[in-house]
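Descriptive analysis of the structure
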Amino acid sequence: MTEEDKYALKEFLRGVGVFVAASAVFIIILLVLAKVASGDNPINSASFEVVDQYKECDVVRYAPHQVAEYKYFLYCEKNK
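Remarks on the state of the cysteines
By definition, a disulfide links the sulfur atoms of two cysteine residues through a covalent bond. Counting across every chain of the model gives one disulfide. There is a disulfide in this structure between C57 and C76, and the S-S distance comes to 1.7 Å. For the disulfide bridge between C57 and C76, the dihedral angle about the S-S bond is near 100°, and by the sign convention the bridge is right-handed. Residue C57 is located in strand β2 (residues 57-63), and its partner C76 is located in the segment after β3 (71-75); the two are separated by 19 residues in the primary sequence. Residue C76 is classed as buried on the basis of its relative accessible area, which comes to 15%.

See the structure below:
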């Protein structure tokens, strides 16, 4: 094996080592992010919130679970 071959092998192994190390760091980061994200609790129930008043009625904002939209309706106690 010549000196050039030894140098080429050393450079190749160094490149493989850098690639393996970078891949390992990337995988570790992905695993940590997945662990952090799995701690989030999804919203499983719909939410109702009184946001205003209109002619003695409550304006209620309704948000269905896991949907990014709001629906508004009037809730009047005396119509019960």
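Picking up after the structure, the text goes on.
Concerning the packing of aromatic side chains
Enumeration over the complete set of coordinates arrives at two aromatic pairs. Ring centres of F48 and F73 lie 6.4 Å apart, and the angle between their planes is 80°; this geometry places the pair in the edge-to-face category. In this pair, F48 sits in strand β1 (residues 47-54) while F73 sits in strand β3, placing the two residues 25 residues apart along the sequence. Put simply, the rings of F48, Y62 and F73 touch in pairs and so form one group of aromatic residues.

What counts, and where the lines are drawn
- Residues numbered from 1 in each chain as written.
- Predicted model: local features only at pLDDT ≥ 70, side-chain atom pairs only at ≥ 80, totals over all residues.
- Heavy atoms only, no water.
- Disulfide = S-S within 2.5 Å.
- Helix = DSSP H or I, 4+ residues; strand = E, 2+ residues; numbered from the N terminus.
- Buried < 20%, exposed > 50% of the residue type's maximum accessible area, 1.4 Å probe, protein only.
- Phe/Tyr/Trp six-rings, centres within 6.5 Å; stacked < 30°, edge-to-face > 60°.

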